[in-house]
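Structural overview
Single-letter residue listing:
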Amino acid sequence: MSHTTRSSRLPEQPRPDQDAGPGPESGRAGGTPAGAAPDTPADTDTPPTAPDVPVVPDVPAVDAPEDGAADSAPDGPARPGDDEDRAPDQRAAPGQDTDAVEILDATPRPDHGGDTEPDTEPKSLEASAAPEEAVSPDDSAAPEEAAASKEAVTPEEAGAVAGPPAPPGRSGRRGWRVTHPRVARGVTLGTTVLAGVLVLFALVVPNRLDRLSVAAFLRIPAEGVLLAALLLALPPRPRRIVSYVVGALLGLLTVLKLVDMGFYSVLVRPFDLVLDWSLFGNAADWVRESFGRTGEVVALIAVVALVVALLVLMTLAVARLTDVMVRNRPVAGRTVLVLGTAWITCVTLGVQFTGVPVASQLDARIVQNRVRQVQAGLHDGEVFERQASVDAFADTPPDQLLTGLRGKDVLFTFIESYGRTAIDDPAMSRQIDTALTQGNSRLKSAGFSSRSGWLRSPVTGAGSWLAHSTFLSGLWIKNQQRYRSLTTSDRSTLTSYFRKTGAWRTVGIVPGVRRAWPEGRFFGLDHIYDSEHLGYKGPYFSWTPVPDQFSLEAFERLEHGKKDRGPMMAEIILASSHNPWAPVAHMIDWNDLGDGSVFEKIKKEGKDPKEVWKNPESVRTEYRRAIEYSLHSLTEYVEKYGDKNTVLVFLGDHQPVPTVTAGSTSRDVPVTIVAHDPKVLDRVSDWGWTDGLKPADNAPEWRMDTFRDRFLTAFGPHPEGSAATASKP
């Protein structure tokens, strides 16, 4: 019995509603009347043709199978045992060619899940009669006769046998693929290409914006080669599960890379999976205060949508590429082998393209670094606790603290984002140098002298409160976890030591604080003036709630200018030079400040931050103008309101964002001591600092956490032990 399954149709048979008598349609293929001799010479070896197939009743056409039924439909020789799988009325009679049974096979069978080939036309069930009615045992002529009969069927007859087409809309979910095969192939190819591009992007995209280049995407990712080999080697069910897991993880890794881009762009470091989650709240606050509530909502929705889309699309992309590889296993296997060999060769020879290695291990290194980062983050609390337990001045009696400053008004002032770039960068150094030179001249005219040096901040780009805490506590506060640990401890700060002596009233001018700030008690401040308690009725300048000139005037009005007061220590934070640096206020007459309403007009004259940030050079220009404004505000205040007991220590908290620093990796910030009494500066004469408000390039560079102990040592008795020893991060 033949097991060949072919796609040719049976000759058309008379139907009940047709005349079964002799005629062109009731004869044999080719139009030969029934019973006539074949159109071949009598002496040929051609065997007689098989008798006509008996008439079978007309049966309605079968609907096209649903999607998913194509996977189990065999496209080739029938498998042994197929006849046994059929129902008794579907098995071929002895000697019957399986072409006569093919139509029956198009119908779903329970043991095969109803799978059929979706891309073939619906087949007629005219041959569904019982075997004894369809073919008699006498019809078991030679297979060659049956083949010859089938090959004689004309296209018109074949179409007639197939029966009428299925009604529109009955072809299932993949019907459009049948009716529009070119579109279907285009969609399939396009989807596969997009999946490949998305996965390649995830594997080779850097986690820093400054490393994005064409060469970055012309690399061979080792992770991709290994994952492809793994997926090809796995059995079907585990392969499907692994493809979903790999896709989800690759999506998460891509999200992490995008977050890293943001962190490198602002903080010049990657996102810390353990310690940095709280910074998202600060970022949302900055967006709201800079671009309004609408801007914050739009940004939040965009971020959430991007994360969800990446996770879903990456999972689907990996699953699709896995299916393509499995369907083309030989080609996929050879491709993996070639890419693996090429990767090893490129690593061995050190092949690079425009300075970028062709053989990439980026993702593996990122994961490895994050594992180490997580381990360090989990143990950072223990390390910090040991460091915080050491305080060289903890047991110093109050009457022996800060004896060299008794009777002085000491002002510790932070200038937001005042970094070394402002002084060293040629694009802005000339204007900043002019501002410092003019300020120095005014102060000298008022009887003040100054010394300047450099401090290395624990942060860059943002995180001012971490820098403030480092400066005041003498500990390296490099993350939010350390900040929380510090502010809930009993560690003494520079400001709290002033309060501990009982010789100073301690106040804080913190215009950047616009909500409850319980940490303020930790810093030992008797009174705190935030943005709501400075008497300011003017507008915000983007993030900046209060212009620097008004903050200093409020300090004079609320504290420093009071009559019959005692010595005072103040922590003052100037925020006008905070990112985004637009619009920027400018100096006006101190007597015209009033309640700050005058700044409404000044703000309208300023620039829109959205326009400024379209061009990096514009950002750098506005940053420079903001620093100039802060320096002018401070030096004019000391010139106008300072006296012989005034001691000013002012410094930057951190460098600005990389858009401004233009690739500089320095974390140095200027620090300056200004005093009217020469004896104050004599106490720090051995520091080696530069005369004036501008530190020299070769001026000493100290870590910011060393300043507290150096300052307490210089202006008080030297405690036993290493008073100036810095804690290590």
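My aim in this report is to walk through the structure given alongside it, one point at a time. The residue numbering used here restarts from 1 in each chain and proceeds along that chain's sequence as written. Under the rules for a predicted model, residues below a pLDDT of 70 receive no local features and side-chain atom pairs below 80 are neither given nor counted, while totals for whole chains, interfaces and linings still include all residues. Only hydrogens and water are set aside when side-chain values are computed; all heavy atoms of the structure are taken into account.

1. Observations regarding the packing of helix α9 (residues 236-266) against helix α12 (residues 362-388)
Going by this rule: Angles here are taken between N-to-C directions and fall from 0 to 180 degrees, while the axes themselves are lines fitted to C-alpha atoms, restricted in helices to the stretch in contact. Every helix listed is a DSSP run of H or I at least four residues long, and every strand listed is a run of E at least two residues long, numbered separately from the N terminus. Under this scheme an angle from 65 to 115 degrees is roughly perpendicular, one under 35 degrees roughly parallel, and one over 145 degrees roughly antiparallel; angles in between are oblique. Contact criterion: two residues are considered in contact whenever any of their non-hydrogen atoms come within 4.5 Å of each other. Three classes are used, and their members are as follows: Ala, Val, Leu, Ile, Met, Phe, Trp, Tyr, Cys and Pro are nonpolar, Asp, Glu, Lys and Arg are charged, and the others, Gly among them, are polar.
The N-to-C vectors of α9 and α12 enclose an angle of 75°; their axes lie 12 Å apart at closest approach. When the axis of α9 is compared with that of α12, the two are roughly perpendicular. Residues L253, L256, K257 and D260 of α9 form the contact with α12, whose own contacting residues are L362, D363, I366, V367 and R370. Residues that form the contact of α9 with α12 fall into these classes: five nonpolar, no polar and four charged.

2. Describing a nonpolar patch on the surface
The condition that has to hold: A residue counts toward a patch only above 30% relative accessible area and without a salt bridge, and it is joined to like-charged neighbours within 9 Å or, for Val, Leu, Ile, Met, Phe, Trp and Tyr, to nonpolar neighbours within 5 Å. Shrake-Rupley sampling with a 1.4 Å probe provides the accessible areas, and residues are treated as covered by the protein chains on show and by no other component. A pairing counts as a salt bridge when a side-chain nitrogen of Lys or Arg comes within 4 Å of a carboxyl oxygen of Asp or Glu. Burial here depends on accessible area, computed with a 1.4 Å probe over protein chains only, as a share of the maximum for the residue type. Under 20% is buried, over 50% is exposed, and the range in between is partly exposed.
Judged by side-chain polarity, L300, V304, V308, V312, L313 and L316 come together as a nonpolar surface patch covering roughly 550 Å² of accessible area. Positionally, L313 belongs in helix α10 (residues 279-327). Classification of L313 as partly exposed rests on a relative accessible area of 47%.

3. Things to note about the packing of helix α15 (residues 464-473) against helix α16 (residues 480-487)
Convention followed: A clockwise turn of the near helix away from the far one marks a right-handed crossing, whereas an anticlockwise turn of less than a right angle marks a left-handed crossing.
Interaxial distance between α15 and α16 falls to 10 Å at its minimum, and their mutual angle equals 45°. When the axis of α15 is compared with that of α16, the two are oblique. Read as a crossing pair, α15 and α16 show a hand that is left-handed. Residues W465, L466, S469 and S473 of α15 form the contact with α16, whose participating residues are Q480, Y483 and L486. Its residues placed into classes, the contact of α15 with α16 shows four nonpolar, three polar and no charged.

4. Comments concerning the pairing of strand β9 (residues 568-574)
Definition in use: In this analysis, strands are considered paired if DSSP registers two or more bridges between them.
Of all the seven residues making up β9, seven are buried; the element is thus mostly covered by neighbouring parts of the structure. Residues M568, A570, I572 and L574 line one face of β9 and the alternating positions M569, E571 and I573 line the opposite face, and both faces are buried. Here strand β7 (residues 505-510) pairs with β9 via five bridges, running parallel. Bridge pairing in β9 links R505 to M568.

5. Notes on the packing of aromatic side chains
As a reminder, the rule being used: When two rings of Phe, Tyr or Trp (its six-membered ring) have centres within 6.5 Å they constitute a pair, described as stacked for plane angles under 30 degrees, edge-to-face for angles over 60, and tilted for the intermediate range. Placement of a charge over a ring requires the Lys NZ or Arg CZ to be within 6 Å of the ring centre, with the centre-to-atom vector within 35 degrees of the ring normal.
This structure, assessed with the given rule, holds 29 aromatic pairs. With 6.1 Å between their ring centres and 65° between their planes, F412 and F471 make a pair best called edge-to-face. A residue pair is termed long-range when its members are at least 10 positions apart, and F412 in strand β5 (residues 409-415) and F471 in helix α15 qualify at 59 residues. We classify F471 as buried; its relative accessible area is 0%. Taken together, F412, F414, F471, F498, W504, W687, W689, W702, F707, F711 and F715 form an aromatic cluster joined through their ring pairs. Its guanidinium or amino end placed over the ring of Y264, R208 lies 4.5 Å from that ring's centre, counting from NZ or CZ.

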